[in-house]
Number of protein chains: 2
Amino acid sequence: VERQGLNELRARLDRLHPADVAYILEGLPLEDRLVAWDLVKAERDGEILLEVSDAVRETLIDSMDRHELVDAIESMEADEIADLAPDLPRDVVEEVRRQLNQQEREQLRAAMSYPEDSVGGRMYFDFVKVREDVTLEAVLRYLRQLEELPEHTDQVFVVDSHDQLCGALPIDRLLVNEPEVMVADAMLRDVLTLQAMDDVDDAAQAFERYDLVSAPVIDPHGRLVGRLTVAEVVDVIREQGDYGRLSQAGLREEEDIFASVWDSAKNRWLWLALNLCTAFFASRVIGAFEGTIERVAALAALMPIVAGIAGNSGNQTMTLVVRSLAFGQVTMANAWRLMLKEFAVAGLNGVVWGGVAGLVAWALYRDTVEGPLLGLTMSLAMMLNLLLGALIAMAVPLGLHRMGRDPAIGSSVLLTFSTDSMGFFIFLGLATLFFT
Amino acid sequence: VERQGLNELRARLDRLHPADVAYILEGLPLEDRLVAWDLVKAERDGEILLEVSDAVRETLIDSMDRHELVDAIESMEADEIADLAPDLPRDVVEEVRRQLNQQEREQLRAAMSYPEDSVGGRMYFDFVKVREDVTLEAVLRYLRQLEELPEHTDQVFVVDSHDQLCGALPIDRLLVNEPEVMVADAMLRDVLTLQAMDDVDDAAQAFERYDLVSAPVIDPHGRLVGRLTVAEVVDVIREQGDYGRLSQAGLREEEDIFASVWDSAKNRWLWLALNLCTAFFASRVIGAFEGTIERVAALAALMPIVAGIAGNSGNQTMTLVVRSLAFGQVTMANAWRLMLKEFAVAGLNGVVWGGVAGLVAWALYRDTVEGPLLGLTMSLAMMLNLLLGALIAMAVPLGLHRMGRDPAIGSSVLLTFSTDSMGFFIFLGLATLFFT
């Protein structure tokens, strides 16, 4: 019965799109995943490996022997092999490389030499190129011989005899113009062109802004070497969002949801260790005022509010600054205005929420002698800490950006560190002044 | 001189792509933005309004009089008008509507009736449709008459005499097949088809998974009504990422970076007010143990650590759960396994980091009589609070998801609330037991 079930499952997997098989594999616990993976036809292994997430791909590759891996990979395009190569055993890559022809080997070398976040690391090598001194009729005949066009071919590229890119002929121009028109007269000469070493995030912004489907990639000599397509750009944009969320929570990489406890814990420890250090630092700040707290224990109850709200407010400012930096909207010329505005917002928040918090604190401790002074301390400390939070929330991302670093990474831990430590210091410091 | 500068600026703006003009306008402070906006040729107003962000669009529309708005909008497609309509004065929309023909008016009505997050709210009305009983030659002739194809036309749709969708003819099949082949023989019958009421996020996942450029949209009767393209999908994916980040920081909407202080503050107040309430609740928990804190002031210094680390660790769990839910990887069948895994990770973190924190606390207070007991309290409380954080981090998003709500919204405030309040309660409660 078990075996019949497996046969049925195999038949169903065979009918699915490789991306759907990948999706199913990702949702299965490890042992079930490997059973299902064994059922997948060997000749589909490669395309499915390309579709699964990095974390799940590792588990699948670990379960395959060298021979199976070589079989799955040798039929791939050079750009696809380059995508998988970092996850593959070195000897498998070597064996596959030996079986490639000269041009493919050169492409694989090129693709593996580009960083993962460059256009070169994401481009495809399959594209259609034509000369400008032929008729559209000739282009149409040429395309008919190809039997199949590369995916996402919305334009064919026009090159000269040295493979220099001279322009592009969008498919719709090919279709709406008369067949006797020359390529030179129908083509676009002013085409958005990418360099292989360009940052792929910038390329993605260009695709988004100009609604592109594909763009030619050239080398430093102006020779056409590849093509970036919107399918890759969609992945890049999705990964950006994902990466932002993961790194904000201090996760170093995406996690297979059924990863082992040990692997999961390792993914999270750096962040927890870092936060434990900053928390102990803040704790020492409080420790310095233990004498004051012994006298007025209410301070201990109120101090987390001062730290917390400034952290929340600073986080709002930082989110907007990081976002504006990512879109290139913040320049040195307008950064000053932005800072003034954020300070004003923080000041307003300080007056309003500091006032509210002060009144509530006073009301809570109205029966004690310290009541009114507690409220005043609370209000003042919140105002100051909100301004400080705004300062950190702007200075840290702007500084990281200026140093050429990603402003989204590490900013939040520094912000919390500052609003906690300084919040405790300001609040307890003021209290020490007022109550002694 | 000033005027000459403006003329030059005008000439430069005229040469730019509308998306680039939009980008420049977004980066200018309000008064400069309106000066630049006045320089833009009136006939380009419409396309630029479509490109700018919602927040900036409002400022531009506010600066235009009714006549200018009608001029800018009346030449747009129905789907574009529908996109702008929510931001326009009602009488402008009415006047534009009166100038549309019957079919356009019907399209506008349809487009405005779909929710913004549905496929219908994002689809275009311009597409090419052909019949299946003609030759590819005839299709090519028909396309040639159109002079221009709708953007992102990677396939033409095949319909019957009742406008029912029967399939699609990808442009590359049109190109590689011989002209005498019939559409019926070259077309794909099994095409991914969207319903106008489908969720656009789900549609975006389909585009991403199957690398689509366009997809037909049908009404409940199977009639072809529109077309969704990858350009819209790219926007949807970008907005998802953006929205996630903004809502996580408690920002209700994107903000023009030069918005007024008042508008910015309003955007942030709900969140701050909410956090102030939860912070005061946590403060009351501490208040209940003021007697214990008076006796052992060191507790006040250590308690934020217990709350903070559990918050960090819970946030990691929650990020992974929310992400898995968004990708549809978590089902009721495997949720149980996921919970066991996350509990195990939290337990391991509790032993490791609780142990470390306990030892450090002991070391810090080694000269006091309470030292060893403080360390023990710290370790136990951290373990318990980490487990509690993991529980909340899983239960809240899973619960929201089950109730059909977006698990990304509101989860984090509940998590911090729990890890803070319960962290203080557990730590100070244990201390009260141990030290009295």
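Residues numbered from 1 in each chain as written. Chains lettered and ligands numbered in written order. Predicted model: local features only at pLDDT ≥ 70, side-chain atom pairs only at ≥ 80, totals over all residues. Heavy atoms only, no water.

**A short note on the sheet that holds strand β3 (residues 165–170) of chain B**
Residues and elements named next belong to chain B. One open sheet accounts for 3 strands, arranged β1-β2-β3; its pairing is mixed. The open sheet is flanked by β1 (129–130) and β3, the only strands paired with a single partner. As judged from the 2 bridges shared by β1 and strand β2 (residues 155–159), these two strands associate in the parallel manner. Considered in β2, the bridge of Val-130 is made with Val-158. (Pairing = 2+ DSSP bridges. Helix = DSSP H or I, 4+ residues; strand = E, 2+ residues; numbered from the N terminus.)

**So, a nonpolar patch on the surface**
Residues and elements named next belong to chain B. A surface patch of nonpolar side chains, about 410 Å² in accessible area, is lined by Leu-373, Leu-376, Leu-380, Leu-433 and Phe-434. Mapped by element, the contributors of at least two residues to the nonpolar patch are α20 (371–402) and α21 (411–435). Looking at the nonpolar patch element by element, the count peaks at 3 residues for α20. Structurally, Leu-373 can be placed in helix α20. (Patch = residues over 30% accessible without salt bridge, like charges linked within 9 Å, V, L, I, M, F, W, Y side chains within 5 Å. Areas by Shrake-Rupley, 256 points an atom, 1.4 Å probe, with all protein chains shown as cover. Salt bridge = Lys/Arg side-chain N within 4 Å of Asp/Glu carboxyl O.)

**With respect to a negative patch on the surface**
Residue and element names in this part refer to chain A. A cluster of acidic residues, Asp-83, Glu-116, Asp-117, Asp-199, Asp-201, Asp-202 and Asp-406, forms a negative patch on the protein surface. Checked against the element boundaries, Glu-116 lands in the loop between α9 (102–113) and α10 (119–122). Since its relative accessible area comes to 64%, Glu-116 is described here as exposed. (Lys, Arg positive; Asp, Glu negative; His and termini not counted. Charge placed at Lys NZ, Arg CZ, Asp CG, Glu CD. Buried < 20%, exposed > 50% of the residue type's maximum accessible area, 1.4 Å probe, protein only.)

**Some thoughts on the relation of the copies chain A and chain B**
Taken as rigid bodies, chain A and chain B are interconverted by a rotation of 180° and an axial shift of 0.0 Å, the fit giving an RMSD of 0.1 Å. The symmetry that links the two subunits is that of a two-fold axis. Of the interface residues in chain A, 100% have counterparts in chain B that sit at the interface too, so the contact is made through matching surfaces. (Least-squares fit on C-alpha atoms with pLDDT ≥ 70 in both. Contact = heavy atoms within 4.5 Å.)

**Quick look at the environment of Leu-391 of chain A**
Residues and elements named next belong to chain A. With respect to the helices and strands, the residue Leu-391 is situated in helix α20 (residues 371–402). Using a relative accessible area of 36% as the deciding quantity, one classes Leu-391 as partly exposed. It is 9.5 Å that separates the C-alpha atoms of Leu-391 and Leu-415, two residues lying 24 residues apart in sequence.

**Thoughts on the pattern of salt bridges**
One side chain can pair with another of opposite charge once the charged atoms of both are near each other. Taken as a whole, this structure holds 40 salt bridges over all chains when the rule is applied. Residue Glu-106 of chain A is joined to Arg-109 of chain A by a salt bridge in which the shortest nitrogen-to-oxygen separation is 2.9 Å. Here Glu-106 of chain A pairs with Arg-109 of chain A, and both are found in helix α9, just 3 residues apart, close to one helical turn. A relative accessible area of 39% places Glu-106 of chain A in the partly exposed class. Between Asp-219 of chain B and Arg-223 of chain B there is a salt bridge, with the nearest N and O atoms lying 3.3 Å from each other. A relative accessible area of 11% places Asp-219 of chain B in the buried class. Accessibility expressed as a relative area gives 36% for Arg-223 of chain B, which makes it partly exposed.

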